[in-house]
2 protein chains.
Amino acid sequence: MTKMNKERSLSKNQQIILDLIDKSSEPLKAYTILFNVQKKGIKAPPQVYRALDKLVEIGKIHKIESRNAFVACKNSNCEISKATAFSICESCEEVDEVSDTKLSKFLSKFNDKKGMTFKRFNLEFFGLCKRCKIK
Amino acid sequence: MTKMNKERSLSKNQQIILDLIDKSSEPLKAYTILFNVQKKGIKAPPQVYRALDKLVEIGKIHKIESRNAFVACKNSNCEISKATAFSICESCEEVDEVSDTKLSKFLSKFNDKKGMTFKRFNLEFFGLCKRCKIK
DNA sequence: CTCTAAAACGTTATATTATTACATACTGTT
DNA sequence: AACAGTATGTAATAATATAACGTTTTAGAG
């Protein structure tokens, strides 16, 4: 039996950029990433966008569409970039990945009336986080 | 009893841009809109973006975040721009507003574990529409 | 009607986000 | 070694969005 290595190894640029996003407590924008990895030899936007595209594709990171920013996947190396949900505080811009079994089951089962077949969804909740409500 | 006119009247630019989006069968991008209303005297991006912002705010249109494009609200002048859901065909890029009572109830009731208060959500489903599945 | 504040407008410039295009190099099979 | 697929580096440019002004219009209060 051949060793099916599910764990794809990342390229140099992919790893550098994933490391940065992983360490960050907040979503990072492409150009913020660029500025932060220039010392590591990544000098131009396409290098960043290519790595980001790949990382999104393999589920290591997610794009927060409403913010054009990227976060690391917290769901133990998420195979399910097919089913993403985030909570976004409109005051402090804190973003968290929502992981709720009921929610993802409900949405994954959801069927369109017009006969579309869904492969994937992305859900973004907006509101105020605990801390910002108090202020 | 004073007449509470819920029906806000749109400004000239807002009306021009809403008309265009309304007539369109597909989501329109800001610069596509700009090019199409230049003959009507709207010449610069800020004019378009201002009108779009307002129209989104009052629920006449919605932004498809993953596409940076705008569609008219089909839910009878949607007060509920608080709860939007769309289906997006990844092949032909057709976009439809999903209106499903169960879905919107479920999501509107959804409560965050971390104590966030949600005011609004946006959900985008991706897949293949009926027609594109056949091809 | 007149005054006022809010909203909308027009304009120029610029910031931010993302892609095209092309030449080169690396990686892992056969 | 040869090939295919993936990744790289680089320059240029496209596409999306906002800042910052000053002016004009609109709707309501008095």
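Bear in mind the structure is a predicted one, so any value in this text is a computation, not a measurement.

Definitions and cut-offs
- Residues numbered from 1 in each chain as written.
- Chains lettered and ligands numbered in written order.
- Predicted model: local features only at pLDDT ≥ 70, side-chain atom pairs only at ≥ 80, totals over all residues.
- Heavy atoms only, no water.
- Core = buried A, V, L, I, M, F, W, Y, C linked by side-chain atoms within 4.5 Å.
- Buried < 20%, exposed > 50% of the residue type's maximum accessible area, 1.4 Å probe, protein only.
- Helix = DSSP H or I, 4+ residues; strand = E, 2+ residues; numbered from the N terminus.
- Contact = heavy atoms within 4.5 Å.
- Salt bridge = Lys/Arg side-chain N within 4 Å of Asp/Glu carboxyl O.
- pLDDT = per-residue confidence, 0-100.
- Buried area = accessible area lost by both parts, 1.4 Å probe.

A:Leu103, A:Leu123, B:Leu103 and B:Leu123 are the most contacted members of the largest nonpolar core, which has 28 residues in total. Secondary-structure elements contributing two or more residues to this core are β4 (83-89), α4 (101-109) and β6 (117-128) of chain A together with β3 (83-89), α4 (101-109) and β5 (117-128) of chain B. Apart from residues no more than four positions distant in its own chain, A:Leu103 is found in contact with A:Ala85, A:Val98, A:Leu123, A:Phe125, B:Phe106, B:Leu107 and B:Phe110.

Attention now moves to the pattern of salt bridges. On inspection of all chains with the given rule, the structure shows 14 salt bridges over all chains. The salt bridge involving A:Lys114 is made with B:Asp96; its shortest N-O contact spans 3.4 Å. In this pair, A:Lys114 sits in the loop between α4 and β6 while B:Asp96 sits in strand β4 (residues 95-97), so the two residues belong to two different chains. On the accessibility criterion, A:Lys114 (48% relative accessible area) is partly exposed. Each of A:Glu90, B:Lys119 and B:Arg120 takes part in a single network of salt bridges with overlapping partners.

Before going further, it helps to spend a moment on the confidence of the model for chain A. Residues of chain A with pLDDT of at least 70 account for 90%, and the chain-wide mean is 91. Contacts of residues 1-6 of chain A to residues separated by more than four positions or lying in other chains number one contact, the stretch itself having pLDDT below 50.

For the rest of this paragraph, the subject is the interface of chain A and chain B. On the side of chain B, 35 residues touch chain A, which itself brings 35 residues to the contact. Buried surface at the junction of chain A and chain B, both sides included, amounts to about 3,300 Å², of which 59% is carbon and sulfur. When the buried area of chain A at its contact with chain B is split by residue, A:Met116, A:Phe125 and A:Phe126 rank highest and sum to 17% of it. Scanning the region where chain A abuts chain B turns up eight salt bridges.

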